[in-house]
Structure formats: structure tokens, C-alpha cells
Amino acid sequence: MTPVGAQGGSPGAPRAVDVARLAGVSQKTVSRVFNGERYVSADVRERVLRAAEELGYRLNGAARALASGRTRSIGVVTLGTALYGPASLLIGIERAARDAGYALRVVNTLEGDPAGVAGAVDSLLEQGVDGIVVSEPIDEGEASLGVDVPVLVIGAPAGFGGPRAVAAGVGAESLARTATEHLLDLGHATVHHLAGPQQWFAARDRLQGWRTALAARDRRRPAVVEGDWSASSGYAAGRELAAAGDVTAVFAANDDMAIGLIRALLEAGVRVPEDVSVVGFDDLPVSAYVTPPLTTVRQPFDAVAREGLRLLVQAIEKPDVEPAPASDPPVELVVRASTAPPPTGGRRPDATG
């Protein structure tokens, strides 16, 4: 017997015409069913979907969507950037969604566009996604939206109305507190902070973690130096801090700025870690290979993505079940050679300042 999918001399995957033949309907009717058009009887629709499923028609995912009311797709709103943190989190979300059996549809926003998030959400809703992940790291002002599908907000205050909104944090405040405490535990009297740009929620969280750690030990809180996440801004901050004679420890809000900072300190004759200890944030792949290898805290991107997607999928597939709060992400301090106890005899005589 000739397989149905191979009739007409066209071997290979089954086609719409094969579904039509097996269901006993026209090819146009098959198209109407898969496009969700009206004026198709329930009996005909059922026959078409059953035939598509039996043949393994390549659009049987669409057939299941029509039958279940779901598209098995999740939309993601994220900043269009190549920065390590947002890009790594997006990769983790994609892996977690794929493992859960969902396709991912991504819409990028632009920094400085207050309407970007709302427009991105509208675009995804028009595509019929079952849920939305908002991984938007920048505060662009009020972004309260009414959304009728489950929404997962990662790493930012929830500003989306809806019956099934869940949140997952990246633990930036806890990680920053751990980084600062590491330097205090080594014996440093206080810790300076090279902060990220403060319109970023992550930069604010890291700043707060640093403040909390110093307050808990009743330590002096030095003036904050703000960068823009780039190594060049870290270099500029390093030149500034090298001129201050009281700096023995710095927590930088990301590894790129920490690397630029160390370069400026070394050029100014300030040794790392003998004179100044430096801790970064992220654990970039290159951080283990710079000179000196950088002590840092590792962002748990995969763990956050898995936990967040678990909550979102539960909200999609079990809408009547109250979602449990997200579990805290792990905290991992990676100690390398850029940190040490403070100098006992003060800064080197040839150091700037």
C-alpha cells in the first residue's frame, strides 16, 4: 500500500492535501481549520485535526493549539543589547522554554523609549502567545499594563496588571552584599563602590546590597563612583580612585568595569591586590584570565530562568492553582587573586596620591 503522505509522486513529509484527502474535505477547508476561520462545523474541524494528528502533519502543533486554545509559545520582552547580563539571561530563558516544550518569540526594546515595553507586549499578544516574560532591565518610567495572559517579571518591580503575574529575582542585592562582605572579612575598614548606571534596576540592587553590608558592620560609606557598565568607564573611575589615598577595597558592579578599574590602578602604580583589592560581578568567561584573575560573584542566569519559567508554565497550564513564590537563586562567590587583606604599612610611596 502506498503511504498517504507519498501519494501523487511526492514522497516525504505529509502535506495539507494529504490531510484533506484523509479527512474527506477540500484543501481549502483544511486551510480554514488551521487559520481558525469561522463557518467550519465542529464535526469537520474535528475530522481535520484528527487526520493531521494521525499523519504527523508538520503543523500538528497548530492543530493542538486550536484544540487546546494554546499556541505553546512564550513571548519575551527584553532590551536589545549585547551586554553580558541581559544576553545571558535571554539564553537561559530560551533553554528553559525549550525544555518545557514552548517556542520563544522575542521582541527587543530600545533604551530611552518609554513606550517600548507597551509596544512589545502588544506585538506579542497579537501573535497569540500563551504567556509573556518581561526581562526589561531599565526604568523607563511608569509601565503599568493590563495583560490577560500570565506574565513573568524578572529582575524588576512588577508593573503589569493581570490575574496571573509572577516574579523572579536575579538576587543581585544578595550577591552584592556577599561581594562586599568578602572584602570586609579580609579586614578592610570599608569598601568603595563603582556603581552601574542608576536607571538600571540591577545597578540599584547592587548599590543597595553594598549599602546593606556596610551598615550591618557599622562601616563608613564612601562616595559612590558611577560608571556605564563599560571597561572604559571603569578605567576612568580607576584613575579617580587611584588619586585617593584611603582606598584599599573596591566592589565594582560588573566585571567589565572591574577590569578597566584594575588597569587604571596598575598604571598609577597601585598594586592589585597588595594595595587595593577589587571584586567584580557576573563572572565573565574572561575574568579568570585577566591579570590578576578577578574575584567576582557569579550571576545564576540559568537557575533564575528555570525557576521563572517553571512559575510561568504553571500559571499557563494550571490557571486555577495559586503560584508559589519564587525560590531564592543561589549565591556563589568566586575567589581569585584580585583580593587580599589590606596593606599593613599604607599605600606604596610611588602610588598616585
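Everything numeric here is computed off the predicted structure, so don't read it as measured data.

A. Structural context of the overall build of the protein. When its secondary structure is counted, the protein shows 11 helices and 13 strands. Total accessible area computed for the protein in this model is approximately 16,400 Å², and 51% of it derives from carbon and sulfur atoms.

B. Quick look at unusual backbone geometry. In this chain, Val272 is followed by Pro273 through a cis amide linkage whose omega measures 10 degrees. For Pro273, the position within the fold is in the loop between α10 (255-267) and β11 (277-282). Even without a glycine there, the phi angle at Arg72 is positive, about 55 degrees. With respect to the helices and strands, Arg72 occurs in the loop between α4 (60-68) and β1 (73-79). Given a relative accessible area of 29%, Arg72 falls into the partly exposed group. With phi around 55 degrees, Asp218 is a residue other than glycine that occupies positive phi space. With respect to the helices, strands and loops of the structure, Asp218 is situated in the loop between α8 (201-216) and β9 (225-226).

C. Inspection of the sheet that holds strand β3 (residues 131-135) at higher detail. Within the open sheet, the five strands sit side by side as β2-β1-β3-β5-β7. Their pairing is parallel. In this open sheet, the two edge strands, each paired with only one partner strand, are β2 (103-109) and β7 (165-168). Adjacent strand axes in the sheet meet at a mean angle of 20 degrees, parallel and antiparallel pairs treated alike. Of the pairings in the sheet, the one linking β1 to β3 comprises five bridges and is parallel in character.

D. Expanded view of the layout of surface pockets. Approximately 470 Å³ is the volume found for the largest pocket. Those elements that provide at least two residues to the lining of the largest pocket are α5 (84-99), β5 (151-154), β7 and α8. Broken down by class, the residue content of the lining of the largest pocket amounts to 16 nonpolar, seven polar and five charged.

E. A look at the sheet that holds strand β13 (residues 332-334). Strand order in this open sheet of six strands is β9-β8-β10-β11-β12-β13, and the pairing throughout is mixed. With one partner strand each, in any of the chains shown, β9 and β13 form the two edges of the open sheet. Sheet strands touched by helix α7 (residues 172-185): β10 (249-252), β11, β12 (295-298) and β13. Its angle to β11, the strand with the most contacts, is close to 165 degrees. On the sheet, α10 packs against β8 (192-195), β10, β11 and β12 and is oriented at approximately 155 degrees with respect to β11.

F. Examining helix α9 (residues 231-242) more closely. With 12 residues, α9 should reach 16 Å at 1.5 Å per residue; the first-to-last C-alpha distance of 16 Å fits that figure. Within the span of α9, buried status applies to Ser233, Gly234, Ala237, Gly238, Leu241 and Ala242. Taken together, the buried residues of α9 touch β8, β9, β10 and α10.

G. Spatial organisation of the packing of α7 against α8. As a packed pair, α7 and α8 sit with axes 7 Å apart at the nearest point and diverge in direction by 40 degrees. When the axes of α7 and α8 are compared, the pair comes out oblique. Taken as a pair, α7 and α8 cross one another with a handedness that is right-handed. Contact residues: α7 offers Ala172, Glu173, Ala176, Arg177, Thr180, Glu181 and Leu184, while α8 offers Ala202, Asp205, Arg206, Gln208, Gly209, Trp210, Thr212, Ala213 and Leu214. For the contact of α7 with α8, a count of residues per class yields seven nonpolar, four polar and five charged.

Thresholds applied
Residues numbered from 1 in each chain as written. Predicted model: local features only at pLDDT ≥ 70, side-chain atom pairs only at ≥ 80, totals over all residues. Heavy atoms only, no water. Helix = DSSP H or I, 4+ residues; strand = E, 2+ residues; numbered from the N terminus. Areas by Shrake-Rupley, 256 points an atom, 1.4 Å probe, with all protein chains shown as cover. Buried < 20%, exposed > 50% of the residue type's maximum accessible area, 1.4 Å probe, protein only. Pairing = 2+ DSSP bridges. Axes fitted to C-alpha atoms, helices over the stretch in contact; angles between N-to-C directions. 1 Å grid on protein atoms, 1.4 Å probe; cavity = no way out; pocket = protein on both sides within 12 Å on 5 of 7 lines; lining within 4 Å. Points joined across faces, edges and corners; volume = space filled by probe spheres on them. Nonpolar A, V, L, I, M, F, W, Y, C, P; charged D, E, K, R; others polar. Contact = heavy atoms within 4.5 Å. Expected span 1.5 Å × (residues − 1). Parallel < 35°, antiparallel > 145°, perpendicular 65-115°, else oblique. Left-handed = near helix turned anticlockwise from the far one by under 90°.

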